[in-house]
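The lines below spell out each chain.
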Amino acid sequence: MHLRYYSSPNEQRHIVRILFIVPIYAFDSWLSLLFFTNEEYYVYFDTVRDCYEAFVIYNFLSLCYEYLGGESAIMSEIRGKPIESSCMYGTCCLWGKTYSIGFLRFCKQATLQFCVVKPLMAMITVILQAFGKYRDGDFKYVYRPGYLYVTIIYNISVSLSLYALFLFYFATRELLVPYSPVLKFFMVKSVIFLSFWQGMLLAILEKCGAIPQISSAEVSVGEGTVAAGYQNFIICVEMFFAALALRHAFTYKVYMDKRLDSQGRCAPMKSISSSLKETMNPGDMVQDAIHNFSPAYQQYTQQSTLEQRQGPAMSRSHSTASTRDNEKTLLLSSDDEF
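What counts, and where the lines are drawn
Residues numbered from 1 in each chain as written. Predicted model: local features only at pLDDT ≥ 70, side-chain atom pairs only at ≥ 80, totals over all residues. Heavy atoms only, no water. Core = buried A, V, L, I, M, F, W, Y, C linked by side-chain atoms within 4.5 Å. Buried < 20%, exposed > 50% of the residue type's maximum accessible area, 1.4 Å probe, protein only. Helix = DSSP H or I, 4+ residues; strand = E, 2+ residues; numbered from the N terminus. Patch = residues over 30% accessible without salt bridge, like charges linked within 9 Å, V, L, I, M, F, W, Y side chains within 5 Å. Areas by Shrake-Rupley, 256 points an atom, 1.4 Å probe, with all protein chains shown as cover. Salt bridge = Lys/Arg side-chain N within 4 Å of Asp/Glu carboxyl O. Contact = heavy atoms within 4.5 Å. UniProt positions renumbered as here; feature names shortened; annotations may be inferred. Arc of directions from axis to C-beta. 1 Å grid on protein atoms, 1.4 Å probe; cavity = no way out; pocket = protein on both sides within 12 Å on 5 of 7 lines; lining within 4 Å. Points joined across faces, edges and corners; volume = space filled by probe spheres on them. Nonpolar A, V, L, I, M, F, W, Y, C, P; charged D, E, K, R; others polar.

**Student:** Where do I start with the nonpolar core in this structure?
**Tutor:** Nonpolar side chains in soluble globular proteins generally cluster together in the buried interior. In this structure, Ile21, Phe60, Phe103, Leu104, Phe168 and Phe250 are the most contacted members of the largest nonpolar core, which totals 62 residues. Contributing elements (two or more residues each) for this core: helix H1 (9-19), helix H2 (21-34), helix H3 (41-68), helix H4 (71-78), helix H5 (101-130), helix H6 (146-172), helix H7 (181-207) and helix H8 (223-249). For this core, the leading source of residues is H3, giving 13 residues. Listed in part, the five residues of the second largest apolar core include Ile211, Val221, Val226 and Ala227.

**Student:** I keep staring at a nonpolar patch on the surface and nothing clicks. Help me out?
**Tutor:** Together, Phe27, Trp30, Leu34, Phe35, Tyr41 and Tyr44 line one region of the surface with nonpolar side chains, adding up to about 600 Å² of accessible area. Elements supplying a minimum of two residues to the nonpolar patch: H2 and H3. When residues of the nonpolar patch are assigned to their parent elements, the largest contribution, three residues, is made by H2. By secondary structure assignment, the location of tyrosine 41 is in helix H3.

**Student:** What am I meant to see in the side chain of lysine 108 here?
**Tutor:** The topology assignment puts lysine 108 in helix H5. With near-sequence residues (within four places) excluded, lysine 108 lies in contact with Leu61, Ser62, Tyr65, Asp288 and Asn292.

**Student:** Just checking my understanding: could you explain the pattern of salt bridges for this structure?
**Tutor:** Tallied over the entire structure, the rule returns two salt bridges. Here aspartate 28 makes a salt bridge to arginine 49, at a shortest N to O gap of 4.0 Å. Here aspartate 28, found in helix H2, pairs with arginine 49, found in helix H3; they are 21 residues apart in sequence, far enough to count as distant. Here aspartate 28 and arginine 49 have matching classes, each one buried. Between arginine 173 and glutamate 84 there is a salt bridge; the shortest N-O distance is 3.6 Å. Note that arginine 173 is positioned in the loop between H6 and H7 and glutamate 84 in the loop between H4 and H5, a separation of 89 residues in sequence. Glutamate 84 gets classed as partly exposed once you look at its relative accessible area, which sits at 43%.

**Student:** Whenever I open this one, unusual backbone geometry confuses me. Can you help?
**Tutor:** With glycine set apart, most residues show a phi of negative sign, and most peptide bonds adopt trans. Of note, serine 180 is a non-glycine position whose phi angle comes to about 50°, a positive value. Among the secondary structure elements, serine 180 is positioned in the loop between H6 and H7. On the basis of relative accessible area, serine 180 is assigned to the partly exposed category, the value being 48%.

**Student:** Hey, could you run me through the environment of methionine 121 in this one?
**Tutor:** Relative to the helices and strands, methionine 121 resides in helix H5. The spatial distance from the C-alpha of methionine 121 to the C-alpha of threonine 151 is 9.1 Å, given a sequence separation of 30 residues. Apart from residues lying up to four places away in sequence, methionine 121 is in contact with Val150 and Ile153.

**Student:** Help me out: how do you make sense of the UniProt feature "transmembrane region" (unreviewed entry) in the chain in this one?
**Tutor:** The UniProt record marks residues 15-36, 110-132, 152-170, 182-205 and 225-246 with the feature "transmembrane region" (unreviewed entry), using the residue numbering of this structure. Its end C-alpha atoms 32 Å apart, residues 15-36 is made of 86% helix and 0% strand. The span residues 182-205 is 100% helix and 0% strand, and its two end C-alpha atoms sit 32 Å from each other.

**Student:** Where do I start with the environment of aspartate 257 in this structure?
**Tutor:** When you line up the elements, aspartate 257 lands in the loop between H8 and helix H9 (272-279). The exposure class assigned to aspartate 257 is exposed, which follows from its relative accessible area of 60%. For the pair aspartate 257 and tyrosine 5, spaced 252 residues apart in sequence, the C-alpha separation works out to 8.8 Å.

**Student:** It is not clear to me how helix H10 (residues 283-293) should be interpreted in this structure. Could you clarify?
**Tutor:** Each turn of an α-helix holds 3.6 residues, which means side chains three or four residues apart point in the same direction. Looking at H10, one finds that the buried residues are Met285, Asp288 and Asn292. Projected down its long axis, H10 carries its buried residues within an arc of 60°, all on one side. Along H10, the residues that are exposed and aim more than 90 degrees away from the buried face are Gln287 and Ile290.

**Student:** Would you take a moment to explain empty space enclosed by the protein for this structure?
**Tutor:** Once rolled over the atoms, a probe with the size of a water molecule shows which space is left empty. Counted by the stated rule, this structure contains two cavities of 30 Å³ or more. Empty space within the second largest cavity amounts to approximately 30 Å³. Ser32, Leu33, Phe36, Tyr42, Thr225, Ala228, Gly229 and Asn232 together form the lining of the second largest cavity. Among the secondary structure elements, those contributing two or more residues to the lining of the second largest cavity are H2 and H8. Among the elements that line the lining of the second largest cavity, the one with the most residues is H8, at four residues. Looking at the lining of the second largest cavity, its residues break down into four nonpolar, four polar and no charged.

This is the structure:
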């Protein structure tokens, strides 16, 4: 339905990507269960699923940026304000600091690093699996060190990414109120973070002997594969409820009126296939990563002209709009760091 009423591409591009987490998670977990008797296949399927969750975290942050009008609009609202120190919200270590362009850059970099680390860890997992150095739930660092090290790196990376996402929400929660961010934020965090800790809990239960291996004439699989099977089955069930919650959190109805003409008919629109093709093109994420990690990163934001945002009606007051635009343009020095 978002693709049918694709009236705000800048926002709906990220929404559709987020919503795709349900079919990708569910279909991937279902495939893993189909090949349950093979102790290697599920690792490759789960790698695809794990890579997509990094993509979702990035798109949620980018969606919040779009809601608020981009970096310059956000900075015009929060720049210079002191960061509230709170142990409950994880900002106690930021006492005495103020919001700056460096803060926004940190949020973007911390999110984008997960988009790099997760696929890299997935590739390493596949390679270690091929050489017999990786096994789910095996914390032994002598014979099969892969699972231990991959889990540690992944845990640090995803925690940093979600912490940055929370910091951004903490800074802009009042600005995001019109967009009902609480349910959106909760759903994205729960689907990704809880599924990870779910897998960790099953690995610990396996290590404690609570999950036995299956050994029979028909099926013979180890404890790690059994634990992964439980994880995939639970995800298949959870995705049903996640689909209901995400449908409510990211409703398409707010975009319907934008596609209707004066007579209430559906206005001309792109085909669903072309909209989907534009949506799944990751070029914007690549450009964003190059921009934010480039050594030549410039500490400035630019405000779009009022004529672009408010349409041709503003052209009659071009000089006034230009003046206001110049006033809203933020040129931040290179030492304005977070």
